[in-house]
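Below are the chains, spelled out letter by letter.
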Amino acid sequence: MITIACDILVVGAGPAGSSAAREAAARGADVIVVDRRAVVGVPVQCAEYIPAPLIGELHLGRGFVVQPVKGMRTFLNGRLLQQIVAPGYTIRRDVFDQMLAEEARKSGARVLLSTTAVSRQDGEVVVRQKGASLSRIRPRVIIGADGPRSKVAGWISCNKKELMPAVQVRVALAQLMEFTEIFLDNRIYGGYGWLFPRGNEANVGVGMKIRNGGDRIGRVLQELLARLAAEGKIKGKPLGATAGWVPVEAAQTLRAGNILLAGDAAGHTHPITGAGIPQAVIGGRMAGKWAACAVDRADLSALAEYESEWREFFGEALEKASSRRRLLEREWDRLEEIVKYCWVTFKEYHSEYE
Ligand SMILES: Cc1cc2nc3c(=O)[nH]c(=O)nc-3n(C[C@H](O)[C@H](O)[C@H](O)COP(=O)(O)OP(=O)(O)OC[C@H]3O[C@@H](n4cnc5c(N)ncnc54)[C@H](O)[C@@H]3O)c2cc1C
């Protein structure tokens, strides 16, 4: 079994991993990224919406943009409750992830695809590359950016985050749309349905918690599709389907020993909206920066700075969302009364709940 040494091993070439790798490599660290996928970003498991300010943060151009979005309409049990202006974009998530991985490569990171991190033994990470025998990587720092069901998080006993299932189809739109639509509904326990327009098509999905005696997620999605077709918003049969897990709870710690967690591996999606791309990109960069500092200073205590910086930037917003999620689940049967305290676009969300 061959052993390769490097400064930083990043597990996962999603937005968190590629952003971390780019940042660390640009600071001079010797970085290896492994991803079990054969092609970065494929298959897509995402509704593919990003808020407009993220584009300016990225400096990647607009090659991944499908269409601009003007704002959001929020429905409660089928009736329109609110329409707001909130600029954003729907994107090609596969292209987006590939551009981020390319940036990491250009900064000097080695990106190894079809390569799965299998286990950790004596400070080395055992990886299996498709068609090759096992090898070992000996890094000074490991960044776990391996998504919601992170193996790396398990290595530091941080993999007990709560995950919510989400299912989605791609479907033809009956006419072009400029707003995303959010469907809050008593039958979509702890979550919501969505329609995100992407040119002539839309991503329509449901993310929800499963409770005994409650509706099954697949059936809820079918009913949402039937309703949207009856309302003349979508047409025809689904053109494709995907599913995934959304963390609705952050990990207790982002760091142990020489390991950092970033993005969904750390549970950094927004506990109410399930959006996680901005946190993955920005948090990934922070992880890469502090990992490179730790290597440069030969002092792992620099990794603690990642946790502090991350909490300063995102901590308050995600804690608020966590507390509103607890309220939402506790008072679910009073959804009509509490909804404005539990969905981010209402002013009540930003005030105290009595
Ligand atoms: C249905 C759905 C819709 C969503 N819609 C949106 C949205 O519209 N907007 C938004 O902001 N967020 C959305 N999210 C959340 C968003 O997709 C995630 O927050 C984001 O992908 C997190 O990026 P990441 O890099 O942390 O993880 P990921 O994108 O999951 O990347 C992890 C990578 O790690 C790799 N990997 C995993 N295990 C291993 C291993 N052992 N060895 C090697 N590689 C490994 C995977 O192959 C993958 O490439 C959605 C999520 C779901 C499920």
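The preceding data block contains the structure.
Each value, and the rule that gives it
- Residues numbered from 1 in each chain as written.
- Predicted model: local features only at pLDDT ≥ 70, side-chain atom pairs only at ≥ 80, totals over all residues.
- Heavy atoms only, no water.
- Axes fitted to C-alpha atoms, helices over the stretch in contact; angles between N-to-C directions.
- Helix = DSSP H or I, 4+ residues; strand = E, 2+ residues; numbered from the N terminus.
- Parallel < 35°, antiparallel > 145°, perpendicular 65-115°, else oblique.
- Left-handed = near helix turned anticlockwise from the far one by under 90°.
- Contact = heavy atoms within 4.5 Å.
- Nonpolar A, V, L, I, M, F, W, Y, C, P; charged D, E, K, R; others polar.
- Buried < 20%, exposed > 50% of the residue type's maximum accessible area, 1.4 Å probe, protein only.
- Expected span 1.5 Å × (residues − 1).
- Pairing = 2+ DSSP bridges.
- Near = heavy atom within 4 Å.
- Polar contact = N/O pair within 3.5 Å; in protein donor to acceptor, adjacent residues only side chain to side chain.
- Areas by Shrake-Rupley, 256 points an atom, 1.4 Å probe, with all protein chains shown as cover.
- Domains from an automatic or database assignment.

Caption draft 1: Geometry of the packing of helix α6 (residues 277–297) against helix α7 (residues 304–330). Two numbers describe how α6 lies on α7: the axes approach to 8 Å, and their chain directions differ by 160°. When the interaxial angle is binned, α6 and α7 end up roughly antiparallel. The crossing of α6 and α7 is right-handed. Along the contact surface, α6 presents Pro-278, Gln-279, Ile-282, Gly-283, Met-286, Ala-287, Lys-289 and Trp-290, while α7 presents Glu-305, Tyr-306, Glu-309, Trp-310, Phe-313, Phe-314 and Leu-318. Of the residues that constitute the contact of α6 with α7, the class distribution is 10 nonpolar, 2 polar and 3 charged.

Caption draft 2: Quick peek at unusual backbone geometry. Cis rather than trans, the peptide bond between Val-42 and Pro-43 has omega equal to 5°. If you check the backbone angles, Glu-48 has positive phi at about 70° while not being a glycine. Note that Glu-48 resides in the loop between β2 (31–34) and β3 (49–51). Within the chain, Ser-114 stands out as a residue other than glycine whose phi angle is a positive 50°. By secondary structure assignment, the location of Ser-114 is in the loop between β6 (110–112) and β7 (115–121). The class for Ser-114 is buried, based on a relative accessible area of 18%.

Caption draft 3: Looking closely at α6. Look at α6: 30 Å from first C-alpha to last across 21 residues, which is about the 30 Å you get at 1.5 Å a residue. For α6, the tally of buried residues reaches 18 of 21 residues, placing the bulk of the element in the interior. Directly beyond the C-terminal end of α6, a positive phi value near 50° is found at Ala-298.

Caption draft 4: Local environment of the pairing of strand β11 (residues 179–184). Counted residue by residue, β11 has 6 buried out of 6 residues, so it is predominantly covered. Pairing of strand β4 (residues 65–76) with β11 involves 6 bridges; the strand directions are parallel. The residue of β11 that forms the bridge with Gly-71 is Phe-179. Examined bridge by bridge, β11 and strand β12 (residues 192–198) share 3 bridges and lie antiparallel to one another. Residue pairing in the sheet places Phe-183 in a bridge with Gly-193 of β12.

Caption draft 5: Spotlight on the site of the ligand. Close to the ligand lie 36 residues, the nearest being Asp-35, Ala-47, Arg-93, Ala-117 and Asp-264. In the environment of the ligand, a nitrogen atom lies 3.1 Å from a nitrogen or oxygen atom belonging to the backbone of Arg-36. Ile-277 is positioned with one of its backbone polar atoms (N or O) 3.0 Å from an oxygen atom of the ligand. Computed on the free molecule, the ligand has an accessible area of 1,000 Å², of which 93% lies beneath the protein chains in the complex. The set of elements that each furnish at least two residues to the shell around the ligand consists of α1 (15–26), β7, β14 (234–247) and α6. Counted by class, the shell around the ligand contains 18 nonpolar, 11 polar and 7 charged residues. Shared between two domains, the shell around the ligand holds at least three residues of each, these being domain 1 (3–43 + 93–161 + 251–330) and domain 2 (49–91 + 163–247).

Caption draft 6: Region of interest: the environment of Lys-151. Structurally, Lys-151 is set in helix α4 (residues 151–155). Placed 140 residues apart in sequence, Lys-151 and Val-11 show a C-alpha to C-alpha distance of 9.1 Å. Among residues more than four places away in sequence, those in contact with Lys-151 are Ala-117, Val-118 and Asp-146.

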